[in-house]
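Notes for the structure review
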Amino acid sequence: AQTVTQSQPEMSVQEAETVTLSCTYDTSESNYYLFWYKQPPSRQMILVIRQEAYKQQNATENRFSVNFQKAAKSFSLKISDSQLGDTAMYFCAFFRSYNTDKLIFGTGTRLQVFP
Amino acid sequence: SAVISQKPSRDICQRGTSLTIQCQVDSQVTMMFWYRQQPGQSLTLIATANQGSEATYESGFVIDKFPISRPNLTFSTLTVSNMSPEDSSIYLCSVEGRMNTGELFFGEGSRLTVL
């Protein structure tokens, strides 16, 4: 069974600094998708960034980038130039690409950005 | 992207009562997903609701406790029946983004507190 592990329950960073959130996963599959979702205090979960396992290039979305290490089964999220609005819970998630499969979430990392 | 509206956004309920949560999407979607997020925890999939068929429940969740309706392609309801304090959670409705990729759009959630 696939599992997703986020080993950092809480992180903090000063505004304008860079922070990296860790995520590891376990799977025997070769084709899958990985995600980082953000849940601000207002609760609506939004997609931050998405990575297809078959792509070697790390995904980037503005200030958000990932370090995808397929062999190590690691998928960390780097937030550059942190902003107060980045304060949220961040969930790493895995999807196996099968029609009947479901998204598997990690336990989350609470990120606090300080002024 | 999809815009998802959930009602109620929050409620306080008495033990033994039932509450129905509504989820409205601004576009037609095949599958709708209901998640539970217990305090301080990650998201757990309750069931997948397809229009015109019975919902598919995940292990640990049963139809008698969480009946789901899916009358059309833009609407679904989740009922939490015979509530106990252990049902105090955020309940989230979500729909698929790009098909079969695990990408999801979420509603703002319904925070239920059971006294």
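Residues numbered from 1 in each chain as written. Chains lettered and ligands numbered in written order. Predicted model: local features only at pLDDT ≥ 70, side-chain atom pairs only at ≥ 80, totals over all residues. Heavy atoms only, no water.

1. Some details on the packing of aromatic side chains
Scanning all chains against the criterion turns up 16 aromatic pairs over all chains. Ring geometry for Y25(A) against Y32(A): centres 5.4 Å apart, planes inclined by 65°, an arrangement best described as edge-to-face. The same class applies to Y25(A) as to Y32(A), namely buried. When the centroid spacing of 5.8 Å and the interplanar angle of 55° are considered together, the rings of Y37(A) and F105(A) count as tilted. Linking Y37(A) in strand β5 (residues 33-39) with F105(A) in strand β11 (residues 104-105), this pair joins segments that are 68 residues apart in sequence. Neither residue differs from the other here; Y37(A) and F105(A) are each classed as buried. Taken together, the ring pairs connect Y33(A), F35(A), Y37(A), F91(A), F95(A), F105(A), Y35(B) and F106(B) into an aromatic cluster. (Phe/Tyr/Trp six-rings, centres within 6.5 Å; stacked < 30°, edge-to-face > 60°. Buried < 20%, exposed > 50% of the residue type's maximum accessible area, 1.4 Å probe, protein only. Helix = DSSP H or I, 4+ residues; strand = E, 2+ residues; numbered from the N terminus.)

2. Regarding the nonpolar core
Membership of the largest hydrophobic core comes to 26 residues, with the highest contact counts inside it found for W34(B), I46(B), F66(B), I68(B), L78(B) and Y91(B). No other element matches strand β3 (residues 19-25) of chain B, which puts four residues into this core. If near-sequence neighbours (up to four positions away) are discounted, I46(B) is found in contact with W34(B), Y35(B), R36(B), T56(B), Y57(B), E58(B), F61(B), F66(B), L78(B) and Y91(B). Membership of the second largest hydrophobic core comes to 25 residues, among which are W36(A), I49(A), F64(A) and F68(A). (Core = buried A, V, L, I, M, F, W, Y, C linked by side-chain atoms within 4.5 Å. Contact = heavy atoms within 4.5 Å.)

Take it as geometry only, folks, not as evidence of what the structure does.
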